[in-house]
Amino acid sequence: MVYILLCVIAVISLLGGSQAYKELDWWQTSLIYQVYPLSFKDSDGDGYGDLNGIYQKLDYVKEIGVDVIWIQPFYKSPMLDNGYDVADYKSVGPLFGTIEDFKKLLKGVHDRGMKLIMDFVPNHSSDQCEWFKLSLKGIEPYKDFYVYRDAKKLNDTHSTYPNNWRSIFGGPAWTWREERKQYSFNQFSSKQPDLNYYSPHLRREMTNVLRYWMDMGVDGFRIDATKHLVEADHFRDEPVLPGVQTVNDYYTLNHTYTVNQPGSYELVKSWSALLKEYSQKDGQTRLVAVEDYNKPETLMRYFGDETHPGAHIPFNFLPLLFFSFKSNSTVIEKVIRAWTDVFPEGYYNWVLENHDNPRMSTKFNPESVDMLNAFILLLPGVATIYYGSELGLEDIKTRPDQRRDPQNAGGRTGPTVTRDASRGPMLWDDTTNAGFTTAKKPWLPVNPNYYRKNVKNQKENPISHLNVFKRLTKLRKTPVIQHGDFHTFMHGDWVYIFTRSLETETVAVLMNLGSETEEVCAKNSASTLPDTMFVYTSSIQSGIQEGSKVSTRNVDGTGCPRLRPFSTLVLNTSQGTAATYSIFAMFLTLFTRYIW
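These numbers come from a predicted model, not from an experiment.

A short note on the overall build of the chain
Right, so step 1: Within the chain one finds 18 helices and 23 strands.
Right, so step 2: Here the chain has a C-alpha radius of gyration of 25 Å; the compact-globule value for 596 residues is 25 Å, and the two agree.
Right, so step 3: Taken along the three principal axes of its C-alpha coordinates, the chain extends 90 × 60 × 50 Å.
Right, so step 4: Per-residue burial over the chain gives 57% buried out of 596 residues.
Right, so step 5: Put simply, 69% of the contacts in the chain that link residues at least 6 apart link residues at least 24 apart.
Right, so step 6: With an accessible surface of roughly 25200 Å², the chain has 52% of that area assigned to carbon and sulfur atoms.

Describing the packing of helix H5 (residues 99-111) against helix H7 (residues 200-216)
Right, so step 1: H7 packs onto H5 with a crossing angle of 55° between their chain directions and a minimal axis gap of 11 Å. When the axis of H5 is compared with that of H7, the two are oblique. Across the interface between the two elements, Ile99, Phe102, Lys103 and Leu106 from H5 touch Tyr212, Trp213 and Met216 from H7.
Right, so step 2: Of the residues contributing to the contact of H5 with H7, the split by class is six nonpolar, no polar and one charged.

Re the packing of aromatic side chains
Right, so step 1: Counted according to the given criterion, the structure contains 44 aromatic pairs.
Right, so step 2: With 5.6 Å between their ring centres and 55° between their planes, Trp27 and Tyr347 make a pair best called tilted. Placement of the pair is Trp27 in the loop between helix H1 (2-14) and strand S1 (31-35) and Tyr347 in the loop between helix H11 (329-340) and strand S14 (349-351), with a sequence separation of 320 residues.
Right, so step 3: Aromatic ring contacts, followed pair by pair, group Phe74, Tyr75, Tyr89, Phe102, Trp131, Tyr142, Phe145, Tyr212 and Trp213 into a single cluster.
Right, so step 4: Lys104 extends its terminal NZ or CZ atom over the ring of Tyr55, reaching a point 4.7 Å from the ring centre.

Concerning helix H13 (residues 369-378)
Right, so step 1: Counting buried positions along H13 gives 10 out of 10 residues, so the element sits mostly inside the fold.
Right, so step 2: Of the residues making up H13, those classed as buried are Val369, Asp370, Met371, Leu372, Asn373, Ala374, Phe375, Ile376, Leu377 and Leu378.

Quick word on the pairing of strand S11 (residues 220-223)
Working note: regular strand, side chains alternate between the two faces of the sheet.
Right, so step 1: Along S11, one buried face is formed by Gly220 and Arg222 and the opposite face, lined by Phe221 and Ile223, is buried too.
Right, so step 2: Sheet topology note: the strand S5 (residues 115-120)/S11 ladder contains three bridges and is parallel. Across the sheet, Met118 pairs through a bridge with Phe221, a residue of S11.
Right, so step 3: Bridge count between S11 and strand S12 (residues 287-290): four bridges; the pairing is parallel. Each residue of the ladder has a partner; that of Ile223, found in S12, is Val290.
Right, so step 4: As a crossover connection, the stretch from S11 through helix H8 (residues 262-282) into S12 is right-handed.

Thoughts on unusual backbone geometry
Right, so step 1: Cis geometry marks the peptide bond from Glu140 to Pro141, where omega comes out at -5°.
Right, so step 2: As for its placement among the helices and strands, Pro141 is situated in the loop between helix H6 (130-136) and strand S6 (148-149).
Right, so step 3: In this structure, Ala225 takes a positive phi of about 50° despite not being glycine.
Right, so step 4: When you line up the elements, Ala225 lands in the loop between S11 and H8.

Some details on the state of the cysteines
Right, so step 1: Tallying each qualifying case throughout the model produces one disulfide.
Right, so step 2: Residue pairing for Cys521: its cysteine sulfur links by disulfide to Cys560, the two sulfurs lying 2.1 Å apart. Taking the sign of the S-S torsion, about 105° here, the bridge from Cys521 to Cys560 comes out right-handed. One end of the pair, Cys521, is in the loop between strand S19 (518-519) and strand S20 (532-538); the other, Cys560, is in the loop between strand S21 (549-551) and strand S22 (562-563), with 39 residues separating them in the sequence.
Right, so step 3: For Cys560, a relative accessible area of 7% puts it in the buried group.

Cut-offs and rules
- Once a new chain begins, its residue numbering starts again from 1 and follows that chain's sequence as written.
- Residue-level local features of this predicted model are given only where pLDDT is at least 70; pairs of side-chain atoms are given and counted only at 80 or more, and the full residue set underlies all totals for whole chains, interfaces and linings.
- In computing side-chain properties, one takes all heavy atoms of the structure into account and sets aside hydrogens as well as water.
- The way it works is that DSSP assigns letters per residue, a run of H or I at least four long becomes a helix, a run of E at least two long becomes a strand, and they are numbered from the N terminus.
- What the globule rule says is 2.2 Å times the number of residues to the power 0.38, and the radius of gyration is computed from C-alpha atoms.
- We call a residue buried when its accessible area falls under 20% of the maximum for its residue type, exposed when it is over 50%, and partly exposed in between, using a 1.4 Å probe and counting protein chains only.
- We call two residues in contact when some of their heavy atoms are within 4.5 Å.
- Where accessible areas are quoted, they stem from the Shrake-Rupley method and a 1.4 Å probe; at the residue level, only the protein chains shown are allowed to cover.
- Every axis corresponds to a line fitted to the C-alpha atoms, with the helix fit spanning only the stretch in contact, and the corresponding angles, defined between N-to-C directions, vary from 0 to 180 degrees.
- Between 65 and 115 degrees an angle is taken as roughly perpendicular, under 35 as roughly parallel, over 145 as roughly antiparallel, and anywhere else as oblique.
- Residue type decides the class: Asp, Glu, Lys and Arg count as charged, Ala, Val, Leu, Ile, Met, Phe, Trp, Tyr, Cys and Pro as nonpolar, and the leftover types, Gly among them, as polar.
- A pair of aromatic rings is counted whenever rings of Phe, Tyr or Trp (Trp by its six-membered ring) have centres within 6.5 Å, and the orientation is called stacked for planes under 30 degrees apart, edge-to-face for over 60 and tilted otherwise.
- Only when the NZ of Lys or the CZ of Arg is both within 6 Å of the ring centre and within 35 degrees of the ring normal is a charge said to sit over the ring.
- Any two strands are treated as partners once DSSP identifies two or more bridges connecting them.
- Handedness is read with the strands pointing away from the viewer; a crossover is right-handed when the path from the first strand over the helix to the second is clockwise.
- Note that a disulfide, as used here, is simply two cysteine sulfur atoms within 2.5 Å.

Spelled out as structure tokens, the structure:
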């Protein structure tokens, strides 16, 4: 035993590992992989992805370097909003499998050393939920589980909606319920009535829902639509935005009474306190992540303190919202600084894609895949990746008869506006339907480029988006990325550079955001870089080989690397760093698990 311990100390010494790093919680450097279950893998041939399909692909997810799998709603649901209309919060929808399938999946995730977080959808339920049916009948305690209001009388014969509040999905936010002779409130679809958190009975019931899944071993939750949870209880009309003549759209109002109310933050903190109870029981943090498309200063309100814990991650959607093919280095810098100037170090996180927005390979440029993956994976903090980002999946095109998103992207109109575009089936191989399903017709059409962009082909091709991604995730797990200093540099209008440094090691990420080839002498901006560095990895279209030595400044006419449009170079001060640290990490894991 002593001999083995001395060997470990010797390896640490050889790697320069005497530095004591600040201890980070598991989630603070995690790579979260967002799985849209309908589109990931169909295990039973019905054309729809399911829980067993995810289970079948766990080894792949582990292999690409994922720490946390986030699975979107798989509750029992009429599926009018693809699972975000929950009919039963304590069951699995038959389309996805059974509760036993989920337990098997959860165990499979944990057996592979990963964690699993679920989507929690607390703002509204389906109108098919038993709670809502009982509330319509006025049965206690369900009578007040939802938000109801009497009609506003105009005169003795006419009445109208309780106020001017509007639905995000279009139309008034009020639906007449004949059973109660009242209107119910819905910020989304009329089929998704809003829950009433002024009811202590509802709060208790939702706490029980969280306990149900936590007792099963879930590692945390992503809480959906948190800014909409609580509304002002005075129900006054919301102010009309300046210059608006007619209130006919959600975006014509200033939502001072329906979003970001104090009660919403208090509610998130109460759930965070519950998860902290579980964390203290088993000594492992249970993650609370919240969805709120908002500015960082507002998102800070989700944080708590030691006595009143809050969310760990208010998702950072700034890259998702503001990155496009028009983004120059000034835009990138503003997006990064908007977050890092407000949030404390250790609470950074970055999101580029999700199920409600276009994929970056479509929105930015198909050639930008490796550049954007290097960006999100090598920044400090949490990275959230949408399934298929590692392959460079692009949006699909759906004919009107193929549409499955009934809300049509939040009520917006247009022949190409649909959230279906970013929800296409995962591309596993070059067989029929990309190996996603054995059914003739998958629930959404498979992208016709599946014959070349699939997992199987990219695995076998050393110069592929997938293999670049895997090299990046290996580097991500090294001390220089998990603990290193972070600096950014605008190298002209269309070249952006950031560095990660720890002791004698530095990683530099060079990004060409423009449509012209650029010669990049990185030391002109990042003056502390050495004169030469090694290429750790690069975009598949870069034409620059991994392991090659490049100059960071033009010395004696030697020239600097020329970056092709939308390409990236990841440079390191040493060769083989990731592999060395990976071997050490594996050795240390085996030592602590099986010997110590």
